[in-house]
Amino acid sequence: MENLELLLSLIGTAVSFLIATVVFIVKFVRSIRTRKMIASESDLLDAVIPLIELAEKYKNYSGEEKKEFVLTKLNQFAIENKISFDSDAIVKRIEELIILSKNVNVNITKENENGK
């Protein structure tokens, strides 16, 4: 009877240890995947500003055409680097940057007018 209790205790401990190990491994693998995905998305978002600067050099194109140019180049970058491409998030980021640059430009223009 005593051996049976000892055996059941060991089996219970081993099963608990096995479950804890499996949970740890699953969480570890998920965190690695998440970290890679975040790094990839960060690389994609970092590529936005230089492409916007490049698009701004094309003076004869409308704002929509420039945005499409940037989106196309970013999509190519995503495909080349095997990054998932979320066009809605990228469009939102581009629009945020456009609003920011317009606000900065307005403030600089006002300062120049006041300084004259």
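Check the entry above for the structure.
Parameters at a glance
- Residues numbered from 1 in each chain as written.
- Predicted model: local features only at pLDDT ≥ 70, side-chain atom pairs only at ≥ 80, totals over all residues.
- Heavy atoms only, no water.
- Core = buried A, V, L, I, M, F, W, Y, C linked by side-chain atoms within 4.5 Å.
- Buried < 20%, exposed > 50% of the residue type's maximum accessible area, 1.4 Å probe, protein only.
- Helix = DSSP H or I, 4+ residues; strand = E, 2+ residues; numbered from the N terminus.
- Contact = heavy atoms within 4.5 Å.
- Axes fitted to C-alpha atoms, helices over the stretch in contact; angles between N-to-C directions.
- Parallel < 35°, antiparallel > 145°, perpendicular 65-115°, else oblique.

Peer 1: Before we go on, may I ask you to explain the nonpolar core in this structure?
Peer 2: Nonpolar side chains in soluble globular proteins generally cluster together in the buried interior. If you look at the biggest cluster of nonpolar residues, it comprises 14 residues, and the most contacted ones within it are L44, V48, I52, V70, L74, I90 and I94. Elements represented by at least two residues in this core include exactly α2 (48-56), α3 (63-80) and α4 (87-115). With sequence-adjacent residues up to four places away left out, I52 is seen in contact with V70, I94 and L97.

Peer 1: Quick question: what am I supposed to make of the packing of helix α1 (residues 2-46) against α2 here?
Peer 2: Two measures define how a pair of helices packs: the angle their axes make with one another and the distance between the axes. α2 packs onto α1 with a crossing angle of 20° between their chain directions and a minimal axis gap of 4 Å. In terms of their interaxial angle, α1 and α2 are classed as roughly parallel. Between α1 and α2, the contacting residues are L44, L45 and D46 on the first element and V48, I49 and P50 on the second.

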